[in-house]
Amino acid sequence: MSGKARGPRIVFWRHGQTSWNLESRFQGSTDIELTDQGLFQAQRAAKLLSGLRPDLLISSDLKRARRTAAELAKVTGLEVDHHEGLRETYAGEWQGLTNAEIRARFPEEYEAWALGEPVRRGGGELSTEVADRSVPVVLAAVEKLPEDGTLVVVSHGGTIRTMLGRLLDLEPTQWERFGGLSNCCWSVLGQGARGWRLLEHNAGTLPQPVIGDET
């Protein structure tokens with residue numbers, strides 16, 4: 001993707017690897033730190049993203065996102081605005097459980113979610129509610145961009161999916177059509193005459209496996 005763009009551009013960047021990603025534990029809003037590998041991923045990706053010459057940088061206030069955003073701040077000199085609204089989906093009783101444990105303890109709930117039905121996973125948030133709290137944060141930041149500016153949003157796989165779906169005007173039942181984001185990979189929206197368009201999805205220099213809440 002060229003560093004030059006016409007019109008505003010939003011880069012949605014997922015945080016680096018955590019130990020719970022490796023264990024396939026649903027993190028949700030639990031505040032988990034990056035692993036050493038996750039920090040390395042953030043440092044590597046930050047060098048690449050700095051080439052886009054971002055104008056603004058916002059982030060979830062959870063540690064794994066904050067630490068990831070800090071690496072881009074180091075190489076760009078940008079300040080980071082942290083927002084609770086960009087946190088991962090709160091998933092109640094699912095949080096801290098592995099994928100296998102969730103399937104075993106909540107089989108009906110899991111099946112309904114897998115089929116795309118609106119489900120409060122573990123008694124937590126609906127995907128539409130996550131979009132309701134996260135998208136306004138992003139659009140408010142877009143309003144502050146210079147002409148043809150670039151915003152980087154550091155967030156979480158599930159939350160990024162809901163933001164992409166909402167901004168592209170897709171029905172919530174279609175949001176799962178976006179494949180998961182690998183750790184420290186990103187998706188890009190550009191604004192055209194007809195609204196936001198998906199320019200890249202799960203971008204990085206080399207394909208990486210998707211591990212974590214979205215597996």
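Residues numbered from 1 in each chain as written. Predicted model: local features only at pLDDT ≥ 70, side-chain atom pairs only at ≥ 80, totals over all residues. Heavy atoms only, no water.

A.B. asks: Requested: an account of the nonpolar core, with residues and values cited.
C.D. replies: Residues Ile 10, Phe 12, Ile 58, Val 138, Leu 151, Val 153 and Met 163 are the most contacted members of the largest nonpolar core, which totals 23 residues. Every element with two or more residues in this core is listed here: β1 (9-14), α6 (127-142), β4 (150-155) and α7 (157-167). The dominant element in this core, judged by the number of residues it contributes, is α6, at six residues. Other than its neighbours up to four places away in sequence, Ile 10 contacts Val 138, Val 142, Leu 151, Val 153, Leu 167, Ser 187, Val 188, Leu 189 and Trp 196. With 20 residues, the next largest nonpolar core counts Ala 46, Leu 78, Val 80 and Val 188 among its residues. (Core = buried A, V, L, I, M, F, W, Y, C linked by side-chain atoms within 4.5 Å. Buried < 20%, exposed > 50% of the residue type's maximum accessible area, 1.4 Å probe, protein only. Helix = DSSP H or I, 4+ residues; strand = E, 2+ residues; numbered from the N terminus. Contact = heavy atoms within 4.5 Å.)

A.B. asks: Give me the lowdown on the sheet that holds strand β6 (residues 195-203), citing residues and values where you can.
C.D. replies: With mixed pairing, six strands are arranged side by side in an open sheet as β3-β2-β4-β1-β5-β6. In the strand order of this sheet, the two ends are held by β3 (80-83) and β6, each with one partner. Going from strand to strand, the sheet's axes swing by 20° on average, the running direction of each strand aside. Two strands pair when backbone bridges link them, and strand β2 (residues 56-60) and β4 are joined in this way by four bridges, in the parallel orientation. The residue of β4 that forms the bridge with Leu 56 is Leu 151. (Pairing = 2+ DSSP bridges. Axes fitted to C-alpha atoms, helices over the stretch in contact; angles between N-to-C directions.)

A.B. asks: Please give an account of the side chain of Glu 88 that cites residues and values.
C.D. replies: In this structure, Glu 88 sits in the loop between β3 and α4 (99-105). For Glu 88, which is buried and forms no salt bridge, the nearest opposite charge comes from Arg 64, at a distance of 5.5 Å. A polar contact is formed between the side chain of Glu 88 and the backbone nitrogen of Gly 158, at a distance of 3.0 Å. (Lys, Arg positive; Asp, Glu negative; His and termini not counted. Salt bridge = Lys/Arg side-chain N within 4 Å of Asp/Glu carboxyl O. Polar contact = N/O pair within 3.5 Å; in protein donor to acceptor, adjacent residues only side chain to side chain.)

A.B. asks: Give me unusual backbone geometry: which residues, what numbers.
C.D. replies: A positive phi angle, near 60°, is found at Asp 148, a position not held by glycine. When you line up the elements, Asp 148 lands in the loop between α6 and β4. By relative accessible area, Asp 148 is classed as partly exposed at 35%. One non-glycine residue with positive phi stands out, namely Asp 169, at about 60°. Within the secondary structure, Asp 169 is located in the loop between α7 and β5 (186-192).

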